[in-house]
Amino acid sequence: MSRILAVDDSTSMRQMVSFTLKSAGYDVAEAADGLAALELARQEKFSLVLADVNMPNMDGLSLVRALRGLPDYKFTPLLMLTTESTPEKKQEGKAAGATGWLVKPFNPEQLVATIQRVLS
Amino acid sequence: MSNIDLSRFHRAFFDESLEGLDAMEAALLRLDVGQADAETINLIFRSAHSIKGGAGTFGFTAVAGFTHLLETLLERVRSGQRQVSQADVDLLLRSVDVTRAMLRAADGGDAADVDAVARLGAELEQALEMKPAAVAPVAVASAAAGWKIRFLPKSDIFASGNDPLRILRELDRLGQARIACDSQALPALADAAPETCYLSWTVELRGDCDEGAVRDVFAWVEDECELEILPLPSAEEEGAKDAQPPAAGAVAHPNPSPEGRGAEKPKLKVVEGGKEPTQERRSGDAGSIRVGTEKIDALINLVGELVITQAMLQQIAGNLDPVQNEKLLQGLSLLDRNTRMLQEAVMATRMLPVDAVFSRFPRMVRDLSTKLGKQIRLETVGEGTELDKGVIERIADPLTHLVRNSLDHGLENAGQRIAAGKDPTGTITLRAAHQGGHIVIEVADDGRGLDRERILAKAAERGIPVPANPVDADVWQLIFAPGFSTAEQVTDVSGRGVGMDVVKKNVQALSGQIEISTRPGQGTCVTIRLPLTLAILDGMSVRVGDDIFIVPLNCVVESLQPQAGQVRTLSAGARVVKVRNEYLPLAPLHELFRIRTDAPEPEAGILVLLESEGRKVAAQVDELVGQQQVVIKSLEANYRRVGGISGATILGDGRVALILDVAELVRGYARAAAA
Amino acid sequence: MSEPNAGNPSASPAAASVSLPADLGIDVAASLYRDLLAQVDNPGVVTLEAQDVARIHTAALQLFCMFCQDRRTAGRETHWRQPTEALRSAAALLGVTTLLQLARQEA
């Protein structure tokens with residue numbers, strides 16, 4: 001089963017993402033910020049990481065940058081969860097090594113559709 | 001998938017959003033407009049950003065729309081496009097209020113003021129210089145027979161986690177895709193790097209999809225490929241059998257521009273996010289859970305019972321032969337220790353940092369100082385000091401009043417301060433600290449200080465009794481007398497009606513004490529001493545006949561054995577006792593509660609002088625038993641309300657002791673005296 | 001991964017097969033590359049055992065393209081054994097069905 005790491009400092013968003021993906025049959029681990037996520041990612045290899053951009057301690061961009069530096073995450077899909085739909089912000093995420101992004105707000109169906117496409 | 005009910009996440013969303021707003025407000029208030037520091041700006045931005053994201057996701061569109069404006073403004077500040085001004089801070093603070101109201105409304109509270117939301121929204125738009133109605137044209141769905149797409153991935157596209165296969169699969173879903181692979185660039189296997197992309201593709205996509213949909217498929221890899229999207233010639237021109245004709249009136253976009261879409265969004269320059277503040281946050285939510293206070297209170301009650309049972313056992317064990325019962329006594333002493341520790345631990349769960357009240361003052365001070373035209377700085381010390389949640393809730397009003405008093409009466413305006421050779425900016429200091437089993441909260445200002453002559457004059461004018469030859473401390477106490485106000489005119493800041501007498505009453509209702517110290521020209525400091533929790537009382541136990549009463553220690557002034565002649569009987573049969581130069585009403589507890597006494601005459605008993613609300617009485621008891629902490633049990637909850645009694649407790653020997661309601665006692669005698 | 005394949009009727013002494021794992025994600029591209037490189041110059045028939053393939057990345061398909069192209073140029077024969085639907089549809093989407101000789105007639 002594909003195991004996904006969901007990273008967001010907002011409890012409600014994390015719960016929603018996690019619940020939705022679990023309902024879709026994925027195995028989900030959660031982290032509340034980039035540092036915690038990095039710690040988890042070092043312990044096991046996730047099939048996909050879904051991270052908020054703005055987080056305390058370590059933001060999403062730094063997390064993506066750090067993950068891309070790990071041999072296990074060289075090619076792993078790393079998606080940013082963001083409300084910024086401006087080209088610059090996405091560019092920044094891409095420059096950090098993100099695979100793509102999911103623009104908030106999104107509904108559970110959109111979330112699952114995106115993840116399914118990436119993990120198919 | 002469509003049956004996921006998002007409402008299950010609403011609670012968490014509201015809670016975290018309101019917390020976010022508090023954090024935002026606090027950060028806005030400490031923001032130094034001249035040189036806004038990146039971390040504070042970031043924190044403010046992040047709060048708005050999270051609320052917007054959650055609101056959109058959970059379907060609170062009004063909140064999402066409003067916070068989007070907020071976020072856009074903050075993004076400009078964050079990226080350095082906009083210098084944050086004082087006006088911006090004001091606007092943002094008001095936006096915090098509006099967002100809070102909208103969230104409360106969404107959470108089932110009172111409806112938010114729609115006009116206020118609209119007005120502030122318009123102000124934000126104005127600040128952003130957004131053309132209101134001139135929303136950029138949403139790219140017209142240009143329907144062509146289809147699209148011819150050239151997709152040349154860069155060689156390192158795999159390293160971004162993207163797979164061209166996924167992209168081609170998505171394209172294939174948009175219509176009928178004829179995919180041709182260009183394998184010209186493939187090297188010999190021996191020369192290849194396995195993780196490099198050598199292939200490229202040309203896709204003829206036929207079907208009813210607009211260019212935007214095609215571009216969306218490539219959105220993630222825009223910078224990792226060369227991309228060319230051209231409309232296919234229409235069905236008639238091409239004669240292609242599958243192609244659908246373009247919809248009437250729709251025009252194929254001749255020169256599709258990628259900038260066409262999303263133009264309504266303000267163009268923002270984004271700078272590197274920078275270091276995120278680490279100290280702002282308690283590490284994650286994993287370390288805490290939310291528990292209803294009623295559960296904790298039930299726990300506290302049970303522990304209270306346990307403490308009492310334990311004390312009972314201890315007392316019984318005192319009569320046992322220590323040699324024969326050594327093991328039992330050892331066990332009991334261990335039980336004693338563990339019970340105390342359990343009690344402390346349970347009490348600690350109700351404790352909150354006093355910051356929960358302190359945090360409301362920066363905003364208040366800021367708003368009021370603007371209103372009053374004074375320059376005022378607020379300093380807080382010891383915000384982390386913890387005390388019972390119930391105490392925190394009930395101390396907020398008295399503290400608010402004290403801070404307002406300092407703002408309004410205590411601190412001078414800049415001109416007066418300069419004339420007095422002081423810093424033109426006045427300072428109010430809120431300080432909290434633990435002292436023994438108490439918390440001490442100070443509200444101090446460096447203002448003009450109390451004016452002895454003016455207070456005396458005012459007291460005389462108001463007919464407030466003044467002791468003869470009053471020392472300063474007596475004069476300051478006059479402020480707490482009902483009906484006293486030092487303001488020359490009633491302002492809309494301190495208001496009318498609520499005076500220092502109410503503050504004192506509230507503090508005493510919390511079993512607390514309040515004191516004033518002041519130095520002319522240098523400032524005033526009001527000190528409040530409170531018990532850490534409302535569940536435990538520091539009491540003095542007194543005996544009347546066979547009964548034990550508990551007197552809250554904070555009301556006890558002194559106790560004395562009256563000399564013959566010190567007690568006098570007045571005409572109506574009421575008796576007074578002369579203590580130094582004061583005549584205090586005598587309150588024989590055995591008469592009040594109609595119980596037996598060993599010492600019917602005051603001279604045979606002990607007088608305990610009690611004070612509340614600025615008035616004193618002398619309670620007559622048989623004997624002082626001692627001081628102890630007692631666990632308060634509500635009499636009303638367990639029996640019914642009894643006059644003169646505020647509660648009960650269970651003593652170590654299992655007997656019930658009633659806790660004296662000193663305030664009521666004092667008021668009763670004051671009424672009798674007035675009658 | 002490679003082993004002599006005695007069951008193939010047209011087998012020459014050097015005939016071999018490469019058995020492919022279920023997951024041909026990018027993570028295994030490097031090891032797949034090594035396995036294919038070891039057989040690319042094999043003068044005998046090389047059979048790609050594809051009955052397990054469930055997931056596949058462009059990187060892996062691209063390696064098959066180079067493998068098949070190199071061998072065809074050198075006049076060497078390559079067979080697929082039981083290519084799965086996952087493999088076939090991926091090849092079709094990448095437009096490399098012909099290049100990989102994955103057209104339907106071969107079972």
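Quick caveat: nothing in here was measured; it's all calculated off a predicted structure.

Participant: Hey, could you run me through the overall build of chain C in this one?
Facilitator: A count of helices and strands for chain C gives 3 helices and 6 strands. Of the regular secondary structure in chain C, the N- to C-terminal order runs β-β-β-α-β-β-α-β-α. Taking all 107 residues of chain C together, 43% fall into the buried category.

Participant: Teacher, can you tell me more about the overall build of chain B here?
Facilitator: When its secondary structure is counted, chain B shows 20 helices and 22 strands. Here chain B holds 675 residues, and the buried ones make up 34% of them. Of all intrachain contacts in chain B linking residues separated by at least 6 positions in sequence, the fraction that spans at least 24 positions is 70%.

Participant: When you look at the packing of helix H3 (residues 61-78) of chain B against helix H4 (residues 86-106) of chain B in this model, what are you seeing that I'm missing?
Facilitator: Residues and elements named next belong to chain B. In the contact formed by H3 and H4, the axes pass within 10 Å of each other and the chain directions differ by 165°. Classed by the angle they form, the pair H3 and H4 counts as roughly antiparallel. Relative to H4, the crossing made by H3 is left-handed. For the pair H3 and H4, contact is made by Ala-62, Val-63, Phe-66, Thr-67 and Leu-70 and by Ser-95, Val-98, Thr-99, Met-102, Leu-103 and Ala-106, respectively. Of the residues contributing to the contact of H3 with H4, the split by class is 8 nonpolar, 3 polar and no charged.

Participant: Whenever I open this one, the packing of helix H1 (residues 29-40) of chain C against helix H2 (residues 58-73) of chain C confuses me. Can you help?
Facilitator: To characterise two packed helices, one gives the angle between the axes of the helices and the distance between these axes. Residue and element names in this part refer to chain C. The contact between H1 and H2 brings their axes to 10 Å, and the two run at 10°. Considering their axes alone, H1 and H2 lie roughly parallel with respect to each other. Only Ala-59, Ala-60, Leu-63, Phe-67, Asp-70 and Arg-71 of H2 make contact with H1, whose side of the interface consists of Ala-29, Leu-32, Tyr-33, Leu-36 and Val-40. Residue classes in the contact of H1 with H2 are distributed as 9 nonpolar, no polar and 2 charged.

Participant: When you look at unusual backbone geometry in this model, what are you seeing that I'm missing?
Facilitator: A negative phi angle is the norm for most residues apart from glycine, just as the trans form is the norm for most peptide bonds. A cis amide bond links Lys-104 of chain A to the next residue, Pro-105 of chain A, at an omega of 0°. At Asn-57 of chain A, a residue that is not glycine, the phi angle is positive and equals roughly 65°. Within the secondary structure, Asn-57 of chain A sits in the loop between strand E3 (48-52) and helix H3 (60-68). Notably, Arg-580 of chain B is not glycine yet its phi reads approximately 50°, a positive angle.

Participant: Mind showing me how you'd approach the nonpolar core here?
Facilitator: If you look at soluble globular proteins, the nonpolar side chains tend to sit buried side by side. In terms of nonpolar packing, the biggest core is built from 76 residues, with Val-49 and Leu-50 of chain A touching the most fellow members. The greatest single-element share of this core, amounting to 8 residues, is contributed by H3 of chain B. Filtering out sequence-adjacent residues up to four positions away, Val-49 of chain A remains in contact with Leu-5, Val-7, Ala-41, Leu-67, Thr-76 and Leu-78 of chain A. Core analysis: the next-biggest nonpolar cluster, separate from the first, contains 60 residues, Ile-157 and Trp-201 of chain B together with Ile-56 and Leu-94 of chain C among them.

Participant: How do you make sense of the sheet that holds strand E9 (residues 438-445) of chain B when you look at a structure like this?
Facilitator: Pairing between the strands of a sheet is mediated by backbone hydrogen bonds and can be parallel or antiparallel. All names here are of chain B. Here we have 5 strands laid out as an open sheet, ordered E6-E8-E9-E11-E10, and mixed in their pairing. If you trace the sheet from one side to the other, it starts and ends with strand E6 (376-381) and strand E10 (513-519), each paired once. Strand-to-strand twist across the sheet, computed as the mean angle between neighbouring axes with direction ignored, equals 15°. The pairing of strand E8 (residues 426-435) with E9 spans 8 bridges and is antiparallel. Of the residues in E9, the one forming a bridge with Ala-432 is Ile-441.

Participant: Hey, could you run me through H2 of chain C in this one?
Facilitator: Each full turn of the α-helix corresponds to 3.6 residues, which orients residues three or four apart in the same direction. Residues and elements named next belong to chain C. Here H2 contains 16 residues, and its C-alpha end-to-end distance of 22 Å stays within 8% of the 22 Å for a straight helix at 1.5 Å per residue. When you tally the buried positions in H2, you get 14 out of 16 residues, the bulk of the element. One or two positions beyond H2, positive phi appears at Gly-75, with a value near 75°.

Participant: Mind showing me how you'd approach the pairing of E8 of chain B here?
Facilitator: One face of the sheet, then the other: side chains in a regular strand alternate in exactly this way. Both E6 of chain B and E8 of chain B contribute to a ladder of 6 bridges, which runs parallel. In the sheet register, Arg-377 of chain B faces E8 of chain B, and the bridge partner there is Thr-427 of chain B.

Participant: Just checking my understanding: could you explain the confidence of the model for chain B for this structure?
Facilitator: Caution applies to low-pLDDT parts of the model: their predicted coordinates are not meant to be read in detail. Residue and element names in this part refer to chain B. For chain B, per-residue confidence averages 80 on the pLDDT scale, and 86% of positions sit at 70 or higher. Model confidence for chain B, summarised as mean pLDDT per element, is weakest for helix H8 (residues 235-238) at 48 and strongest for strand E13 (residues 547-552) at 92. A low-confidence stretch, residues 236-286 stays under pLDDT 50, and its non-local contacts, those more than four residues away or across chains, total 88 contacts. Counting contacts from residues 486-497, a segment whose pLDDT is below 50, to residues more than four positions away or on other chains yields 20 contacts.

Participant: I would appreciate a short explanation of the environment of Arg-206 of chain B in the present structure.
Facilitator: All names here are of chain B. If you trace the backbone, Arg-206 turns up in strand E3 (residues 200-206). When the 23 C-beta atoms within 10 Å are taken as the criterion, Arg-206 is described as buried. Taking the C-alpha atoms as reference, Arg-206 lies 9.5 Å from Asp-172; in sequence the two are 34 residues apart.

Participant: I'm lost on the sheet that holds strand E2 (residues 176-182) of chain B in this one. Help?
Facilitator: All names here are of chain B. Overall, antiparallel pairing links the 4 strands, which are arranged E2-E3-E1-E4 in an open sheet. The sheet is open, and its two borders are formed by E2 and strand E4 (225-231), each paired with just one other strand. The sheet shows a mean angle of 15° between the axes of neighbouring strands, taken without regard to direction. Bridging between E2 and E3 involves 7 bridges; their strand directions are antiparallel. By the bridge assignment, Ala-177 is partnered in E3 with Leu-205. Taken strand by strand, helix H6 (residues 164-174) contacts strand E1 (146-153), E2 and E3, and its axis lies near 15° from that of E3.

Participant: It is not clear to me how the pairing of strand E1 (residues 3-7) of chain A should be interpreted in this structure. Could you clarify?
Facilitator: All names here are of chain A. Extensive coverage of E1 is indicated by the burial of 4 of its 5 residues. Two strands pair when backbone bridges link them, and E1 and strand E2 (residues 27-31) are joined in this way by 5 bridges, in the parallel orientation. Paired with Arg-3 across the two strands is Asp-27, which belongs to E2. The β-α-β motif built from E1, the intervening helix H1 (residues 11-23) and the parallel element E2 has right-handed crossover chirality. When E1 meets E3, the two strands line up parallel, connected through 4 bridges. Bridge assignment links Ala-6 to a residue of E3, and that residue is Leu-50.

Reading the values: the criteria
Every chain is numbered on its own, with residues counted from 1 as its sequence reads. Here the convention is simple: chains get letters from A, ligands get numbers from 1, in the order in which they are written. For a predicted model such as this one, the threshold for reporting local features is a pLDDT of at least 70, and the threshold for listing and counting side-chain atom pairs is 80 or more; totals across whole chains, interfaces and linings nevertheless cover every residue. Helix and strand assignments come from DSSP, with helices taken as H or I runs of at least 4 residues and strands as E runs of at least 2, each series counted from the N terminus. Neighbour density around each residue's C-beta defines its exposure: 20 or more other C-beta atoms within 10 Å make it buried, 12 or fewer make it exposed, and counts between make it partly exposed, where C-beta atoms are placed from the backbone. Residues are scored as being in contact if the C-beta atoms we place from backbone atoms lie within 7 Å. For helices, the axis comes from a line fit to the C-alpha atoms of the stretch in contact; other axes are also lines fit to C-alpha atoms, and the angle between any two N-to-C directions lies between 0 and 180 degrees. Between 65 and 115 degrees an angle is taken as roughly perpendicular, under 35 as roughly parallel, over 145 as roughly antiparallel, and anywhere else as oblique. In a left-handed crossing the near helix is turned counterclockwise from the far helix by less than a right angle, and in a right-handed crossing that turn is clockwise. Residue classes follow a fixed rule: Ala, Val, Leu, Ile, Met, Phe, Trp, Tyr, Cys and Pro count as nonpolar, while Asp, Glu, Lys and Arg count as charged, and any other residue, Gly among them, counts as polar. Note on definitions: a nonpolar core is a set of buried residues drawn from Ala, Val, Leu, Ile, Met, Phe, Trp, Tyr and Cys, linked by C-beta atoms within 7 Å. Two strands pair under a simple rule: DSSP has to find at least two bridges between them. Here the expected length of a helix is defined as 1.5 Å per residue gap, with one fewer gap than residues. As a per-residue measure, pLDDT tells how confident the predictor is, with possible values from 0 to 100. Convention used here: a crossover is right-handed provided that the path from the first strand, over the helix, to the second strand proceeds clockwise when the strands point away from the viewer.

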